[in-house]
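# Observations on chain architecture
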Amino acid sequence: MKNISKLIFLACVSLGLSSETIAGTSLAGYLQDTLPVTDTIPPPVAATNEGTVSGMISDSDGNSLPGATVQIKGTDIGAISDDSGNYTIEIPADQNNVVLVFSFLGFQTKEVSLANQTTIDVTLDSDDKELDEVVVIGYGSARRADLTGSVAQVNTDELNAFPTSNVLQALNGRAPGVQVIQNNGAPGGGVSVRIRGANSIQGDNDPLYVIDGFPFSGNPTNLNNADIASIEVLKDASATAIYGSRGANGVVLITTKSGSGAGTVVEFDAAYSVQSLRKKLNLMNGTQYAQLMNIQASNDGMQPYFTDAEVNGFGEGTDWQDQVFQQAPIKNTSVNVSGGGENTQFLVGGSVFQQDGIIKGSDYDRYSLRTNINHKISDKFKVDFNSTLSKLVTARRDSEGGSRGASMIGAALVASPLSDPYLPDGTINNLADDFPFVSPDLVNPLYFINEQSTVITANVVLANAAVSYNPIPEITIKISGGIENRDDRNDTYRSRNFINSNGNASITTSQYVSRLNENTITYADVFNEKHDLNVLAGFTYQDFTTKFLAGSGAGFLSDLYETDNLGTAEIPGIPTSGYSNSVLLSYLGRVNYGFDSKYLFTASFRADGSSRYSEGNKWGYFPSGAIAWKVNEEEFMKGQETISTLKLRTSWGLTGSQAIDPYSTLNRLFPGYTVFGDELFNFLAPGSTLPGDLKWETTEQFDFGLDMGLWGDRVVLGADYYLKTTKDLLSTVRLPSSFGYTTTIDNVGSIENRGVELSLFAQVLTSEFRWSLDGNISFNRNKVLSLNDGQPILTNFINVITVSDNFSIMEEGRPLGQFWGYQEDGYTETGAIRFRDLNNDGEINEADKTYIGDPNPDFFYGFNSNMSYKGFQLELFFQGSKGNDIMNVSAISSTMDYGQGLNMPEDVLLDHWTPQNTDAKYPRISRSTTARVSDRFVEDGSYLRLRNVLLAYNFPLRNSQGKFLKSLRLYASGQNLLTFTNYSWWDPEVNSKGADNRMGIDHFGYPIPKSYTIGLNATF
């Protein structure tokens, strides 16, 4: 048992330092706790004079090991091997009976007595056990070889491959079964993560994020990528059921870096990126715009707006995309100082991330300070402390949605190229005044950039501490507590210079506080060298409190104060405030049992009690079980050299989702105002939603998996098949008017997700030139099994003047969020769009709607190629999606709203209906042209993207001897440089309305940029 504990500790530390290892900087002393292999060298002789020892460190095949550690045993004195495996270490004069410890991740540690030698070449033997790295699981850790559940791991090298404002963006394409949906390209923009599909209609479908053991709310935007040691994604019920009511959507465990006892180490990372718009939309220039306006006037029986001479003289006109978009930098800097001794290890780090957006005026800044302290009080007591303090400042210019140019991004696309951005006096031009045919809704996009601001400031504190007590070596009692505190302030101001504005200001502040207490006891031991038992039991308490306060005002004499003094407003708004609180109490237990390193069994159980649910339904119970068989350990597999690893595993379990807000089961009163006579009175009255007697959403999941390694694990295969069924779905249900309420929330249905996940890793070349390939592909099929009384639910209502309708549907037997509308059938003899009369009743109405698209991909995938030679490294990372559709709402007003003076894509002019072109892409250009939600606006969203290409060089530092600079790495990379897609708009990776039944929608979304990066990593 003692040896196993040491192995677990070793692998945990090595995971936390993988970025240094890849840079050739495996630091001194990390592998001291492994069982050493001692060379047969003559007995040590006392060293009396200071001197140096040098040599080369290699593996059993003769390949050099750059970044290997050499340390004087029992001291913090050490050195690092250079790019060629050579090392030099100084031996102080006061060191007697010197023993050198040689270590490298994945190899057996070797001790060599100095005995007055000045040159020592060492060969390290591979350690298969150490290659079984430790992965973090819920409330503990386990060797990867002993996992019974489906767990994917993303290490620090992959997380830091390219700059991101949100660490979740780095998961895209890295883990099978994990779909990362970037909602937009705005700095600090939202990210949706789906693990094995969506499970809920009413609730959130994002996974639970656990940072160093603390269940975190929302996306972990407070973390810098360089602070993270590894991320584990728990996917099946065996892995997630220990989190009970919050495990249905999967669990993402984030482990941050910690200190070590190998002397003081300083890590410095800096990167600078330049972003730009990936592609510009091919819009009409000035001459083409005038031609289209004249065509519309002629078709509607009006006089032309422009003469032929004017049309020919307009030329290119104003490119409004150039007015709105820019090249923008990203600056990312972080410093971590770590170290300590045998009893105390520490890490203190700080980082600054600053991203300007490709839309002028948008930016995102994050300032973070991290501390990590681990202290061994005695052989029985240990304390740990983690904290992250972050300040987030976001300036938003990502105005989405709208029609006829009423939003910023929409206005940038439809603004007339014949209009100037500014008037001669330097003020912003009101585009609606330039021509009589221009819609009054059209707003100059520069108003949104220069005369309106939205600034969101957030202070995030995440701190947790734990005390561990070992009354005997086999038992660990751990008591931990933590707090998450987030203070947000949203300041919005529209100046007096904004069109039709006399100054408008609003402020919203909120505070979210979550307190956590966890108490666990773990028993772990090995009996008779065959029975490996690990038992966990515990209970947890977590509460969640939210408060908010909002104020506003309109009519300001000056823009001097903006939101700094609402008291100067002529018309003060009515202040509002709110409060909510909920509590979650849980009991949990888990048993891991292994027999003879062949047969593995896991069983877990969690009971969650939530204050959100009705009396009698407050408790949910979530069991799980899993078994695994390590076939390669059987006698009949001995002697063969092809299959080095073969493990079969299967699991079943229940997880849940709270899915409702606090007080949803209570009959609440809401404030309002009414007028009696000449007086205004306030009142309290019931809301429009009838409280329901609600119970938990429950997800049942079955998983069957296979893990196989070939030829000494040079090729590693992984495969999983899963089936998830969520029942008692919570959804809003409409009520008859006789109820006195309009809606209620009820448990009304079920959803199924089933799929296959495949992964492959291959170490193609292992000589001085190393080449590895890593890829994964995931297939998921989503289906609604049942709904309330079998009735479909229409969702995603859109109103862009020319079209006002729902365009998504949830229906039994169909995928979640399918697009719903009309099918087009060419044009009439007058150039109007003809829609198919599916029921042949002679009319086009709601009965003729059908399924016109599916935003769910057939599969999504990632592929990585990593090559290195001496100090050089070249990495190519591709990621893509196939078979998903996009509802291009942007194209409705941008291609079909004629007669309003809106600019449009060039092909509207070049390929519209005329008597000579009846098979055109667009209908007759006329104000009388009508459109509906139809398959015209559904496009193939499949894409293959070169997500990142990286070229790096690790300097050998042969002459530094590790005294000061231990490693230095320079790199250059490019992000999103190539995208292969048929999608016509800015970017196929778009999700304006979020995920699930609202996914796959592009409504003037903020484009995702491409970027170029240069960076430096150094260790001192």
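Calculation notes
Residues numbered from 1 in each chain as written. Predicted model: local features only at pLDDT ≥ 70, side-chain atom pairs only at ≥ 80, totals over all residues. Heavy atoms only, no water. Helix = DSSP H or I, 4+ residues; strand = E, 2+ residues; numbered from the N terminus. Buried < 20%, exposed > 50% of the residue type's maximum accessible area, 1.4 Å probe, protein only. Polar contact = N/O pair within 3.5 Å; in protein donor to acceptor, adjacent residues only side chain to side chain. Contact = heavy atoms within 4.5 Å. Pairing = 2+ DSSP bridges. Axes fitted to C-alpha atoms, helices over the stretch in contact; angles between N-to-C directions. Salt bridge = Lys/Arg side-chain N within 4 Å of Asp/Glu carboxyl O. Phe/Tyr/Trp six-rings, centres within 6.5 Å; stacked < 30°, edge-to-face > 60°. Lys NZ or Arg CZ within 6 Å of the ring centre and 35° of its normal. Expected span 1.5 Å × (residues − 1).

Within the element layout of this structure, serine 942 appears in the loop between strand S48 (938-940) and strand S49 (943-954). Accessibility expressed as a relative area gives 9% for serine 942, which makes it buried. Side-chain polar atoms of serine 942 contact the backbone nitrogen of glycine 883, separated by 2.8 Å. Among the polar contacts listed, one links the side chain of serine 942 to the side chain of aspartate 940, at a separation of 2.8 Å. Those residues in contact with serine 942, other than ones at most four positions away along the chain, are Ser881, Lys882, Gly883, Asn884, Phe980, Thr981 and Asn982.

This part takes up the sheet that holds strand S14 (residues 208-211). Strand order across the open sheet formed by 5 strands is S11-S16-S17-S14-S15, with mixed pairing between neighbours. The open sheet has two free edges, formed respectively by strand S11 (151-155) and strand S15 (214-216), since each of these has just one partner strand. Neighbouring strand axes in the sheet, compared pairwise and without regard to direction, differ in orientation by 25 degrees on average.

Another point: the environment of alanine 920. Structurally, the position occupied by alanine 920 is in the loop between helix H12 (906-910) and S48. Residue classification places alanine 920 among the buried positions, given a relative accessible area of 8%. For alanine 920, the contacting residues outside a window of four places in its chain are Tyr827, Asp911, His912 and Trp913.

Another aspect to go through is the pattern of salt bridges. All told, the structure shown has 33 salt bridges when counted by the stated rule. Close ionic contact of arginine 649 with aspartate 720 constitutes a salt bridge, the shortest N to O distance being 2.8 Å. Of this pair, arginine 649 sits in strand S31 (residues 643-657) while aspartate 720 sits in strand S36 (residues 715-734), and the two are 71 residues apart along the sequence. Judged by its relative accessible area of 8%, aspartate 720 falls in the buried class. Three or more residues are tied together by salt bridges with common partners; here these are Arg196, Lys235, Arg649, Asp703, Asp707, Asp720 and Glu757.

Here we come to the packing of aromatic side chains. All told, the structure shown has 27 aromatic pairs when counted by the stated rule. On the basis of an interplanar angle of 75 degrees and a centroid distance of 5.5 Å, the ring pair of tyrosine 87 and phenylalanine 102 is categorised as edge-to-face. Here tyrosine 87 is found in strand S5 (residues 86-91), whereas its partner phenylalanine 102 is found in strand S6 (residues 99-103), with 15 residues between them in sequence. A residue is classified by how much of its surface remains accessible, and phenylalanine 102, at 0% relative accessible area, is buried. Their ring planes at 45 degrees and their centres at 4.5 Å tell us that phenylalanine 872 and tyrosine 953 sit as a pair that is tilted. Placement of phenylalanine 872 in strand S46 (residues 872-882) and of tyrosine 953 in strand S49 is noted, with a sequence separation of 81 residues between them. Accessibility expressed as a relative area gives 46% for phenylalanine 872, which makes it partly exposed. Within the aromatic cluster, the residues linked to one another by ring pairs are Tyr305, Phe306, Phe314, Phe435 and Phe437. For arginine 814, the ring lying beneath its charged end belongs to tyrosine 851, and the centroid distance is 3.7 Å. Across the ring face of tyrosine 822, the terminal group of arginine 932 is positioned such that the distance to the ring centre comes to 5.0 Å.

Attention now moves to unusual backbone geometry. Leaving glycine out, the prevailing phi sign among residues is negative, and the prevailing peptide bond configuration is trans. For tyrosine 663, which is not a glycine, the phi torsion comes out positive at approximately 75 degrees. Tracing the sequence through the fold places tyrosine 663 in the loop between S31 and strand S32 (669-676). Under the relative-accessibility criterion, tyrosine 663 is labelled partly exposed at 26%. Phi at lysine 870 takes a positive value of approximately 55 degrees, unusual for a residue other than glycine. Turning to its location among the elements, lysine 870 is positioned in the loop between strand S45 (859-869) and S46.

Here helix H6 (residues 286-299) is 14 residues long and its end C-alpha atoms lie 20 Å apart, about the 20 Å a rise of 1.5 Å per residue gives. Burial within H6 is extensive, with 10 of its 14 residues counted as buried. Looking at H6, one finds that the buried residues are Gly286, Thr287, Gln288, Tyr289, Ala290, Leu292, Met293, Asn294, Gln296 and Ala297. Those residues of H6 that are buried lie in contact with helix H7 (308-314) and H12.

Turning our attention to the sheet that holds strand S8 (residues 122-124). The sheet built from 3 strands is open, its strands ordered S5-S2-S8 with mixed pairing. The sheet is open, and its two edges are formed by S5 and S8, each paired on a single side. Averaged over all neighbouring strand pairs, the angle between strand axes comes to 35 degrees, with direction disregarded. Relative to S8, strand S2 (residues 51-59) runs parallel, the two being bridged by 3 bridges. The residue bridging aspartate 59 from the neighbouring strand is leucine 124, located in S8.

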